[in-house]
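As a plain string of letters, each chain reads:
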Amino acid sequence: MRGQEQVYKYLAEQGITFDYYEHPEAPTIEIASQYYRGEGTTLCKNLFFRNHKGNKHYLVIMDSRHDLDIHDLEHRLHQGKLSFASAERMMKYLGVKPGSVSLFTLVNDAEHEVILFVDNELRKAERVSFHPNDNTASLVISNADMMKFVETIGNAYQFLDLYETENKPVDN
């Protein structure tokens, strides 16, 4: 199977099952959507940011059908200006190159330095799809298994309403 071995190892340790699909390289959500298998599954967009000081890093996951208002996110996080993290930071903190970021990259963050933000709408998704840290394959997991991953991986996380005009953090 394509993807990082540590992803499959962690999923097995947690008892998380998945459907596996191979496809051509899909470094962007626009390309990935061409190979998307919609069978009741929400294709997720995964964005990796750093704060203006470069001392905090954030992984934001959300339904790929929506756009993120970065300025709104900046105001809610109170971290100043956010920018997309460089390829070097992505490799350092998530162990992947651009185009392969996913929820599963957190298996590479041994120090749990990356803060995860999950859109609240994903709590309603029956199943969700992420790369196994390689953009030539996709794994589909249940919502319950996504929650198990989020709760067991060890990174700080928070659910947010990313599409509302008045976005307010929601407690875990």
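Now for a quick tour of the structure. (Residues numbered from 1 in each chain as written. Predicted model: local features only at pLDDT ≥ 70, side-chain atom pairs only at ≥ 80, totals over all residues. Heavy atoms only, no water.)

## Description of the overall build of the chain
Within the chain, the regular secondary structure consists of five helices and nine strands. When the helices and strands of the chain are listed from N to C terminus, the series reads α-β-α-β-β-α-β-α-β-β-β-α-β-β. When the accessible surface of the chain is summed, it comes to about 8,600 Å², and 47% of that surface belongs to carbon and sulfur atoms. (Helix = DSSP H or I, 4+ residues; strand = E, 2+ residues; numbered from the N terminus. Areas by Shrake-Rupley, 256 points an atom, 1.4 Å probe, with all protein chains shown as cover.)

## A look at unusual backbone geometry
Its identity is not glycine, yet His112 carries a phi of approximately 55°, on the positive side. Assignment of secondary structure puts His112 in the loop between α4 (87-94) and β5 (114-119). Non-glycine residue Asn133 carries a positive phi angle of around 65°. With respect to the helices, strands and loops of the structure, Asn133 is situated in the loop between β6 (127-130) and β7 (137-142). A relative accessible area of 6% means that Asn133 is categorised as buried. (Buried < 20%, exposed > 50% of the residue type's maximum accessible area, 1.4 Å probe, protein only.)

## A short note on the environment of Tyr21
Examined against the element boundaries, Tyr21 turns out to sit in strand β1 (residues 19-22). Separated by 110 residues in sequence, Tyr21 and His131 have C-alpha atoms that sit 9.5 Å apart.

## Quick notes on helix α1 (residues 5-13)
The complete set of buried residues in α1 reads Val7, Tyr8, Tyr10 and Leu11. Buried residues of α1 fall within an arc of 165° about the axis and therefore sit on the same side. Of the exposed residues in α1, those oriented more than 90 degrees away from the buried face are Glu5, Lys9, Ala12 and Glu13. In this fold, the buried residues of α1 make contact with β1, β7 and α5 (143-152). Within two residues after α1, Gly15 carries a phi angle of roughly 70°, on the positive side. (Arc of directions from axis to C-beta. Contact = heavy atoms within 4.5 Å.)

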